[in-house]
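What follows is each chain in one-letter form.
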Amino acid sequence: MSIKFDLGEYLNDVFVETGVGSGGNILKAIRAGYPEIHGIEISETLYHQSHGKIAAEIQKLPRSPSVTLYCGDPVAGLEQLCATMQHKRVTFLLDSYTDGEHLSDADRPIITEISVIRRWFQDNLIQPIIMVGGLRQSAALMTDILNAVLDIDADYQFRVLDDHVSRNVLVALPPTWVQAQ
């Protein structure tokens with residue numbers, strides 16, 4: 001689902017989304033002015049749909065950002081991306097949706113994705129902004145997400161924003177971001 005808030009409020013050097021879906025958030029990142037954008041989508045059908053929409057949007061721009069879409073496992077894709085951007089200011093948008101399926105929390109890759117981010121960014125001076133969609137699905141998952149982010153840095157601060165459902169997106173802001181505001 002596409003978020004309703006302005007991604008420009010969390011502008012960094014790089015935007016990374018897992019679970020691109022139809023590409024709505026990638027389009028918002030383009031419009032917000034992120035210079036480098038990466039999206040990972042596991043569904044081949046959705047990957048092709050979003051790729052076409054995003055390519056059409058980029059052609060309209062006088063100066064286009066670097067946009068790369070990947071089709072495949074989000075955890076593996078995130079691992080490869082983090083290895084190349086650990087010294088950049090990054091905003092991650094992680095998808096905890098299950099495409100309508102009711103999976104147990106253990107079957108969702110979101111905690112593993114946050115662990116990948118922790119492995120690459122925990123000891124960096126520049127820690128990322130981490131956004132997680134789909135919070136209203138499970139209180140237990142929410143607790144696990146909060147704990148996983150706080151394992152990166154105990155001073156992360158949190159905001160809860162809207163997507164297609166109110167109060168459904170967690171935004172974790174690193175201490176350096178909060179101090180700069």
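Along each chain, numbering runs from 1 in the same order as the chain's sequence is written. The predicted origin of the model limits local features to residues at a pLDDT of at least 70 and limits the giving and counting of side-chain atom pairs to 80 or more, whereas totals for whole chains, interfaces and linings rest on all residues. Side-chain descriptors were evaluated using all non-hydrogen atoms of the structure, hydrogens and water having been removed beforehand.

Under this scheme, a helix contributes an axis fitted over its contacting stretch, all axes are lines through C-alpha atoms, and angles between N-to-C directions fall in the 0 to 180 degree range. In DSSP terms, a helix is any run of H or I states spanning at least four residues, a strand is any run of E spanning at least two, and both are numbered starting from the N terminus. Running from N to C, helix α3 (residues 74-85) and helix α4 (residues 110-121) point in directions that differ by 15°, and their axes come no closer than 9 Å. Considering the angle they form, α3 stands roughly parallel to α4. Seen along the crossing, α3 lies across α4 with a hand that is right-handed. Counted together, Pro 74, Val 75, Leu 78, Glu 79, Cys 82, Ala 83 and Met 85 of α3 and Thr 112, Glu 113, Val 116, Ile 117, Arg 119, Trp 120 and Phe 121 of α4 form the full contact between these two elements. Note that Gly is not counted as nonpolar here; it falls among the polar residues with everything else outside the nonpolar set of Ala, Val, Leu, Ile, Met, Phe, Trp, Tyr, Cys and Pro and the charged set of Asp, Glu, Lys and Arg. Split into classes, the residues belonging to the contact of α3 with α4 amount to 10 nonpolar, 1 polar and 3 charged. Orientation is classified from the angle alone, with under 35 degrees giving roughly parallel, over 145 giving roughly antiparallel, 65 to 115 giving roughly perpendicular, and any other angle giving oblique. Crossing handedness is read from the near helix: turned anticlockwise from the far helix by less than a right angle, it gives a left-handed crossing, and turned clockwise, a right-handed one. Whether two residues touch is decided by their heavy atoms; if any such pair falls within 4.5 Å, the residues are in contact.

One can describe the packing of helix α1 (residues 24-32) onto helix α2 (residues 44-59) by two numbers: an axis separation of 10 Å at closest approach and a directional angle of 15°. Viewed along their axes, α1 and α2 adopt a mutual orientation that is roughly parallel. Between α1 and α2 lies a crossing whose hand is right-handed. Two secondary-structure elements touch here, α1 through Ile 26, Leu 27, Ile 30 and Arg 31 and α2 through Lys 53, Ile 54, Glu 57 and Ile 58.

With a 1.4 Å probe rolled over the protein chains alone, any residue whose accessible area is under 20% of its type maximum counts as buried; one over 50% counts as exposed, and the rest are partly exposed. All of the buried residues in α1 are Gly 24, Asn 25, Ile 26, Leu 27, Ala 29 and Ile 30. The elements touched by buried residues of α1 are β1 (14-18), β2 (36-41), α2, β3 (66-71) and β4 (90-95). Among the residues trailing α1, Gly 33 stands out with phi positive, at a value near 105°.

Another point: the sheet that holds β2. Taken in spatial order, the 7 strands line up as β3-β2-β1-β4-β5-β7-β6 in an open sheet, and their pairing is mixed. Since the sheet does not close on itself, it has two edges, and those belong to β3 and β6 (157-161), each with one partner. Here the average twist between neighbouring strands, direction ignored, is 15°. Two strands qualify as a pair provided that DSSP identifies no fewer than 2 bridges between them. Looking at chain direction, β6 and strand β7 (residues 169-173) are connected through 5 bridges and run antiparallel. Within the sheet, the bridge partner assigned to Arg 159 lies in β7 and is Val 171. Contacts from α4 reach β1, β4 and β5 (129-133), with the element oriented near 160° to β4.

A few words now on the pattern of salt bridges. Throughout this description, the term salt bridge denotes a Lys or Arg side-chain nitrogen within 4 Å of a carboxyl oxygen of Asp or Glu. Tallied over the entire structure, the rule returns 5 salt bridges. Of the charged contacts in the structure, one is a salt bridge between Glu 57 and Arg 31, with a shortest N-O distance of 3.3 Å. Linking Glu 57 in helix α2 with Arg 31 in helix α1, this pair joins segments that are 26 residues apart in sequence. The exposed category is assigned to Arg 31, whose relative accessible area is 55%. Across the pair Arg 119 and Glu 79 runs a salt bridge whose closest N-O atoms are separated by 2.4 Å.

These figures capture arrangement, not role.
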